[in-house]
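So the chains spell out like this:
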Amino acid sequence: MSCKLDSPVQTQMAVAVFNSPLRGEYPRDNMMEGKQPTRRRRVFVQTETGCVLGMELDRSDNAHTVKRRLQVALNFPTEQSSLTFGDMELKNDLSSVRNDSPLLLTRSSFHRSSSTPCLSPTGKDLQQRDRSGPIEILGHSDSFNVLKVVVKDIIKAIKMGVDPLPVHSGLGGAYYFRNPRGESVAIVKPTDEEPFAPNNPKGFVGKALGQPGLKRSVRVGETGFREVVAYLLDYDHFANVPPTALVKITHSVFNVNDGMNGNKLLKKNLVSKIASFQQFISHDFDASDHGTSSFPVSAVHRIGILDIRIFNTDRHAGNLLVRKLDGIGRFGQVELIPIDHGLCLPETLEDPYFEWIHWPQASKPFSEDELEYIEKLDPIKDCEMLRTELPMIREACLRVLVLCTIFLKEAAAFGLCLAEIGEMMSREFRAGEEEPSEVEVVCLEARRLIVERELSSPKSDAGDAEFQFDIDSEEPETDFTPNKANDDFMTRTSIQFGNGFVSNHRFPLSKLEECFEEDDESEEVEQDGYSPFIALERITSVSKISMSLKDTCLGDKSQKYSKFSGTKQENGYITSSSGHRSANEQLPASVSFVKLADMDEEEWTFFLEKFQELLHPAFSKRRSVTMGQKQIQRLGTSCQF
């Protein structure tokens, strides 16, 4: 039976051929001994259904040869498939692919098959075989050195018969890997076992890797490298993020589903996965089990600073671990450890979730050390570092990082506290409608200025092509990223002041719905000019896109919110579990008010310039609101991933 890349509702075994699975940790080091090695690069090709194959590339290789090797080794056709590396679709030239990079092979939905895949690799040529060790760290940053010792302990334990333990709670697949003494030393989360991914062990299946995921601005299979992003950006261990790396890891404990029903295969074979690998940190409880008023101000500030930088959309009490420092059982000095950063750096701005936003520590001024740390942050260097260490990261994510870091630096320099900064980034619900945050309103005004400049420029008719980083979706009627015309419409409905700054009085989505009734009339009246109502023709249903992940919370922010049944903690790491669920019925899409990735470099530079200029009036307005009113308690959006 021919093995095929399948539809989003089908799964395939992640399998690879190994000469000696437990022979060592770093086969690259062995190859470096003896003769001078040729200039080869090692890559890991992953299909959209979770199959992984490691292979070596030389100068003569191209996308076609990579596909052919994959076809021979895993026995499935690769016609009508695309080999992608982050935002890039690889053709003949593979020079941009760095050593240890993960590549993704996808097929169009038209050519996906719902048939049961062939599970046996048939590659006979030694060059097609995956000669990886049991655990290989993807990347060469010195930051990963601490994990090499952990990896060696785990390999030793596996040889001794100490197997990893599955984490039975949570929406995604996760596993505790142990040392020879049987102690948990790492938590591993395979990318193809994320919520809605093909091999999810909890029944949350239905999508292929690369499609919109638990949050539509974070693709299925891409939360793993975001975990690594948070660690790499935590310079000097400022926020205390545990060491994390992306790995290719092999073991029979991993889950593999069979066919479109999502049932698990009974027979356990060695399976190769791409996964996030995080050092396990022993702790006493999480923030939901302990009074937050006793948390150190500096710890809350440092975690909050990181959350702002990476636009964390899921900072809840369950992913803040607490470790007692006195060691005698009293609630005395404690240490906070932030984990679970897979939903940071979305591809578009949406509603973040900051558990700490109403904690008293967040209203305290930043210390001199914290202000100095913020001042030294350089988002451009951050992006360069991430492109080097995680070359698959998408440009849309990096633009969110740049924007949020600039906002943090300007806000801290202005004198805002952490709570005020978090409030400016958070959306509100009014009359059941989700409204843009204060930061998004500033972005919309900056986008409007770009449009004005283009209209007044002689190049406005040049028809330059836009960069596109939109998430692929098979549900265009609920696309979470409105097109450029829709963004322009949102900016033109804002109230303008003499200084050119857009008012924080937001344009509610209910007004957008009213505009539909006036569409025909306005089209006739404004044929020769810009009409915001004509732009509405492209908005299919505001009621559909106005839903957000806030619907998973029906109470206070401090409440243990989960829409899913069976919510519980297991060692503070993973929460909530459920039975079989379809990817299309889980979480409604959140509206996107502004896009960043559709601007070319010139527009992006101009946008950032205007964004910074508009921030100070926004800060002044926020300061006056803070001084005159109590902060509004808003509903949360955490999905407790």
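Where an unreviewed UniProt entry is consulted, the protein chain appears under the name 1-phosphatidylinositol 4-kinase, with the organism given as Hibiscus syriacus.

A. Region of interest: the overall build of the protein chain. Scanning the protein chain from terminus to terminus reveals 16 helices and 22 strands. Per-residue burial over the protein chain gives 61% buried out of 641 residues. When the accessible surface of the protein chain is split by element, carbon and sulfur atoms take 50% of a total near 25,600 Å².

B. Fine view of the side chain of Asn199. Here Asn199 lies in the loop between β9 (184-190) and β10 (204-205). With relative accessibility at 0%, the residue Asn199 sits in the buried group. There is a polar contact of 3.1 Å between the side chain of Asn199 and the backbone nitrogen of Asn257.

C. Up close: the packing of helix α6 (residues 368-376) against helix α8 (residues 395-414). Across the interface, α6 lies against α8 with an axial gap of 9 Å and an inter-helix angle of 140 degrees. As the angle between them shows, α6 and α8 are arranged oblique. Crossing of α6 against α8: the hand is left-handed. Across from Leu371, Ile374, Glu375 and Lys376 in α6, the residues of α8 making contact are Leu408, Lys409 and Ala412. Across the contact of α6 with α8, the residue classes break down as 4 nonpolar, no polar and 3 charged.

D. Spatial organisation of the sheet that holds strand β15 (residues 285-286). Ordered in space as β15-β16-β17, the 3 strands form an open sheet in which the pairing is antiparallel. In this open sheet, the two edge strands, each paired with only one partner strand, are β15 and β17 (334-338). Of the strand pairs in this sheet, strand β16 (residues 320-324) and β17 are connected by 5 bridges, and their pairing is antiparallel. Directly across from Lys324, in β17, lies its bridge partner Val334.

E. Representation of the pattern of salt bridges within the structure. As enumerated under the stated definition, the model contains 30 salt bridges in all. One salt bridge connects Asp61 with Arg69, and the closest N-O pair in it is separated by 3.0 Å. Each member of the pair, Asp61 together with Arg69, is buried. Between Asp382 and Arg309 there is a salt bridge, and its shortest N-O distance comes to 3.3 Å. Highlighted residues: Asp382 in helix α7 (residues 379-389) and Arg309 in helix α5 (residues 297-309), separated in sequence by 73 residues. Salt bridges sharing partners connect three or more residues here, namely Asp87, Arg219, Glu222, Arg226, Glu347 and Arg394.

F. How the structure looks around the pairing of strand β6 (residues 135-138). Alternating positions in β6 separate into two faces, Ile135 and Ile137 on one and Glu136 and Leu138 on the other, with burial throughout. The pairing of β6 with strand β11 (residues 244-251) spans 4 bridges and is classified as antiparallel. Paired with Ile135 across the bridge in β11 is Ile249.

G. Geometry of the side chain of Lys610. Its location among the elements puts Lys610 in helix α16 (residues 601-628). With near-sequence residues (within four places) excluded, Lys610 lies in contact with Ala446 and Leu449.

H. Representation of unusual backbone geometry within the structure. One non-glycine residue, Phe196, adopts positive backbone phi at about 80 degrees. Structurally, Phe196 can be placed in the loop between β9 and β10. Taking relative accessible area as the criterion, Phe196 reaches 2% and is therefore assigned buried. Although it is not a glycine, Ala431 sits at a positive phi angle of roughly 55 degrees. Position of Ala431 among the secondary structure elements: in the loop between β18 (428-430) and β19 (433-435). Residue Ala431 is classed as exposed on the basis of its relative accessible area of 84%.

I. Representation of the packing of aromatic side chains within the structure. Scanning the model with the defined rule gives 11 aromatic pairs in all. Pairing Phe177 with Phe254 gives two aromatic rings, centres 6.0 Å apart and planes at 40 degrees, and the pair type is tilted. One end of the pair, Phe177, is in strand β8 (residues 175-178); the other, Phe254, is in the loop between β11 and β12 (257-258), and 77 residues separate them in sequence. For the pair shown, Phe177 and Phe254 are each scored as buried. When the centroid spacing of 3.6 Å and the interplanar angle of 5 degrees are considered together, the rings of Phe238 and Tyr373 count as stacked. With Phe238 in the loop between α4 (223-233) and β11 and Tyr373 in helix α6, this residue pair connects regions lying 135 residues apart in the sequence. Judged on exposure class, the residue Phe238 and its partner Tyr373 are both buried. An aromatic cluster of three or more residues is present, and its members are Tyr175, Phe177 and Phe254. The residue whose ring lies beneath Arg453 is Phe606, and the NZ or CZ to ring-centre distance is 4.2 Å.

J. Region of interest: the confidence of the model for the protein chain. Mean pLDDT for the protein chain: 74, with 64% of residues reaching 70 or above. Taken as a whole, residues 1-38 scores under 50 in pLDDT and shows 139 contacts with residues more than four places along the chain or in a different chain. The low-confidence segment residues 574-586 (pLDDT under 50) makes 57 contacts with residues lying over four places distant or belonging to another chain.

K. Layout of the environment of Ile380. Tracing the chain through its elements places Ile380 in helix α7. A relative accessible area of 48% means that Ile380 is categorised as partly exposed. Between the C-alpha atoms of Ile380 and Val402, which are 22 residues apart in sequence, the distance is 7.0 Å.

L. Molecular detail of the sheet that holds β6. Spatial strand order, β6-β11-β14-β9-β8-β7: 6 strands in an open sheet with antiparallel pairing. Each of the sheet's edge strands pairs with one partner strand only, and the pair in question is β6 and β7 (165-166). The sheet contact formed by β9 and strand β14 (residues 271-279) spans 5 bridges and is antiparallel. Within the sheet, the bridge partner assigned to Ile187 lies in β14 and is Gln278.

M. Region of interest: the pairing of β11. Counting buried residues in β11 gives 8 out of 8 residues, a clear majority hidden from the surface. Burial along β11 is two-sided: the residues Thr244, Leu246, Lys248 and Thr250 and Ala245, Val247, Ile249 and His251 are all buried. Bridge count between β11 and β14: 8 bridges; the pairing is antiparallel. Bridging from a neighbouring strand, Leu246 pairs with Ser276 of β14.

What counts, and at which threshold
Residues numbered from 1 in each chain as written. Predicted model: local features only at pLDDT ≥ 70, side-chain atom pairs only at ≥ 80, totals over all residues. Heavy atoms only, no water. Helix = DSSP H or I, 4+ residues; strand = E, 2+ residues; numbered from the N terminus. Buried < 20%, exposed > 50% of the residue type's maximum accessible area, 1.4 Å probe, protein only. Areas by Shrake-Rupley, 256 points an atom, 1.4 Å probe, with all protein chains shown as cover. Polar contact = N/O pair within 3.5 Å; in protein donor to acceptor, adjacent residues only side chain to side chain. Axes fitted to C-alpha atoms, helices over the stretch in contact; angles between N-to-C directions. Parallel < 35°, antiparallel > 145°, perpendicular 65-115°, else oblique. Left-handed = near helix turned anticlockwise from the far one by under 90°. Contact = heavy atoms within 4.5 Å. Nonpolar A, V, L, I, M, F, W, Y, C, P; charged D, E, K, R; others polar. Pairing = 2+ DSSP bridges. Salt bridge = Lys/Arg side-chain N within 4 Å of Asp/Glu carboxyl O. Phe/Tyr/Trp six-rings, centres within 6.5 Å; stacked < 30°, edge-to-face > 60°. Lys NZ or Arg CZ within 6 Å of the ring centre and 35° of its normal. pLDDT = per-residue confidence, 0-100.

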